[in-house]
Amino acid sequence: MKGGDGSSISPLVSFVLGAAMATVCVLFFMSASPTRRLADISAFSIRNATTTGDLLASDDAGLADANLTAANLTAIPAPAPAPVQAPSAWGDLEEVLARAATKDRTVIMTQINAAWTRPGSLLDLFFESFRSGEGGVARLLDHLVIVTMDPAAYEGCQAVHRHCYFLRTSNGVDYRSEKMFMSKDYLEMMWGRNRFQQTVLELGYNFLFTDVDVMWFRDPFRHISMAADIAISSDVYMGDPYSLRNFPNGGFLFVRSSAKTIDFYRAWQQGRWRFLGKHEQDVFNLIKHEMSAKLDLAIQFLDTTYISGFCQLSKDLNKICTLHANCCVGLGAKLHDLRGVLDVWRNYTAGTPDERRAGKFQWKLPGICIH
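Going by an unreviewed UniProt entry, the protein chain carries the name Nucleotide-diphospho-sugar transferase domain-containing protein and comes from Digitaria exilis.

Here we take up the sheet that holds strand E5 (residues 214-216). Taken together, three strands build an open sheet; the order of strands is E5-E10-E9 and the sheet is mixed. Edge positions in the open sheet fall to E5 and strand E9 (307-309), since each of these has one partner strand only. Neighbour-to-neighbour, the strand axes of the sheet open up by a mean angle of 20°, direction not taken into account. For E9 and strand E10 (residues 322-324), the ladder comprises three bridges, and the chain directions are parallel. Its bridge partner being in E10, Ile307 is matched across the sheet by Thr322.

Looking now at the pattern of salt bridges. Scanning the entire structure with this criterion turns up 16 salt bridges. Notably, a salt bridge pairs Glu95 with Arg99, separated by 3.4 Å at the nearest N-O pair. Linking Glu95 with Arg99, this pair stays in helix H4 (residues 93-100), spanning four residues, or about one helical turn. Take Arg99: its relative accessible area is 38%, and that puts it in the partly exposed class. Between Asp343 and Arg346 there is a salt bridge, with the nearest N and O atoms lying 2.4 Å from each other.

A separate point is the side chain of Gln111. For Gln111, the location among the structural elements is in strand E1 (residues 106-112). Sequence-distant contacts of Gln111, defined by excluding residues within four places in its chain, comprise Trp116, Val147, Met149, Met189, Arg193, Phe209, Thr210 and Val212.

With that settled, consider the sheet that holds strand E2 (residues 144-148). Pairing is mixed in the open sheet, where seven strands are placed in the order E3-E2-E1-E4-E7-E6-E8. With one partner strand each, in any of the chains shown, strand E3 (164-166) and strand E8 (299-301) form the two edges of the open sheet. Taking the axes of each pair of neighbouring strands and ignoring which way they run, one obtains an average angle of 35° across the sheet. By the bridge criterion, five bridges tie E1 to E2 in an arrangement that is parallel. Bridge pairing in E2 links Met109 to Val145. Helix H5 (residues 122-131) contacts E1, E2 and strand E4 (206-210) of the sheet and is inclined by roughly 175° relative to E2. Those strands touched by helix H9 (residues 280-295) are strand E6 (230-236), strand E7 (247-255) and E8, and its axis lies near 75° from that of E7.

Grouped together as the largest cluster of nonpolar side chains are 51 residues, with contacts concentrated most on Trp216, Phe217, Phe310, Leu323 and Trp363. With nine residues, the top contributor of residues to this core is helix H10 (residues 331-350). When sequence neighbours within four positions are dropped, the list of residues in contact with Phe310 reads Leu323, His324, Ala325, Asn326, Cys328, Asp337, Leu338, Val341, Cys369, Ile370 and His371.

Moving on, we get to H10. Given a rise of 1.5 Å per residue, 20 residues ought to cover 28 Å, and the 29 Å separating the end C-alpha atoms of H10 matches this to within 8%. Within the sequence span of H10, burial applies to Leu331, Ala333, Lys334, Leu335, Asp337, Leu338, Gly340, Val341, Leu342, Val344, Trp345 and Tyr348. If you follow the buried residues of H10, they end up packed against H5, E5, E10 and helix H11 (353-357).

A few words on the state of the cysteines. In this structure the tally under the stated criterion is three disulfides. Disulfide pairing places Cys157 opposite Cys164 at an S-S distance of 2.0 Å. Where Cys157 bonds to Cys164 through sulfur, the torsion about that S-S bond is close to -85°, and the disulfide is left-handed. The disulfide that involves Cys328 links it to Cys369, with 2.0 Å between the sulfurs. With the S-S dihedral at roughly 65°, the linkage between Cys328 and Cys369 falls on the right-handed side. Taken as a pair, Cys328 in the loop between E10 and H10 and Cys369 in the segment after H11 lie far apart in primary sequence, 41 residues in all.

Attention now moves to the pairing of E2. Counting buried positions along E2 gives five out of five residues, so the element sits mostly inside the fold. Both faces of E2 are covered, namely the face carrying Leu144, Ile146 and Thr148 and the face carrying Val145 and Val147. Viewed along the sheet, the connection from E1 through H5 into E2 turns out right-handed. Pairing geometry for E2 and E3, over three bridges, is parallel. By the bridge assignment, Thr148 is partnered in E3 with Phe166. With respect to chirality, the unit in which E2 leads through helix H6 (residues 151-160) into the neighbouring parallel E3 is right-handed.

The rules behind each value
- Residues numbered from 1 in each chain as written.
- Predicted model: local features only at pLDDT ≥ 70, side-chain atom pairs only at ≥ 80, totals over all residues.
- Heavy atoms only, no water.
- Pairing = 2+ DSSP bridges.
- Helix = DSSP H or I, 4+ residues; strand = E, 2+ residues; numbered from the N terminus.
- Axes fitted to C-alpha atoms, helices over the stretch in contact; angles between N-to-C directions.
- Salt bridge = Lys/Arg side-chain N within 4 Å of Asp/Glu carboxyl O.
- Buried < 20%, exposed > 50% of the residue type's maximum accessible area, 1.4 Å probe, protein only.
- Contact = heavy atoms within 4.5 Å.
- Core = buried A, V, L, I, M, F, W, Y, C linked by side-chain atoms within 4.5 Å.
- Expected span 1.5 Å × (residues − 1).
- Disulfide = S-S within 2.5 Å.
- Right-handed = clockwise from strand over helix to strand, strands pointing away.

The following block contains the structure:
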């Protein structure tokens, strides 16, 4: 009996002692370098996952590592969505201005409707004057923005020019046809043009606005003073460019963008309601004394020897830069007289230097309006 008991207990004791020794070894190995052990286990798990395509955690420490990494990833905030810009009320105006502007942010602008874009109409004569002009005036077409008042004018502009802008209005006026001077639609058109010019200033651009019935023969910028905030052509020029006694014409108008000129335009727009029934040129004349003093604004009136018009005609073709069909009512009358002007100019540019200096070339007078 004793011998049997001893033989049955002995294997059990051996098993217990062996298990205990194995546990002690494992614990000793783990406690010797726990960090390295965890890293080894983690590295083994990743290598194994890469090989087999099945990422498995080797023990609780590996699972904890993976959970920590996932928590860190989910804690990173998602990037905020880009703000959605509301479309501009002026459409692609800024893009057109930026494309046409000079380095000092100056653009030349004119405004047309469908009646002025037909073949042989004012837009054709306008372009011809640039191309037959002197002193590289044709290069200024690169900086010209044509503002169109209706879809047909916009389509016609795009066929012949790079910088076209469609000015959409909500006043209910159909701008496709000619507007008679001082009619209700004419006044809406002129005051809308004035408000548009203010917007161009607010966008930080200087502009030289020219009516499309102005013929360009030489570069007029050399006659615009650097000291002027506003330079405007004259129906009647008295001889002093800074005298407010001169009578302005808004069909040829240069304005530098500044806080002063923007304030002037705001007062000009308000003048529409102060002086009901007046067009924008008359209101300019009525507020010029008050606002130039209030804003310390330098207004230059351009000499009609160089920046001329039918109202006060320059007869010296050796000096003239631009010629405006002002003091002339009706599209037919303007076309008739401006065609005669271009005929004389072509003869003048074809003449010899001696013939030109001698003043042998003169405008065909009288015309319907020109005199």
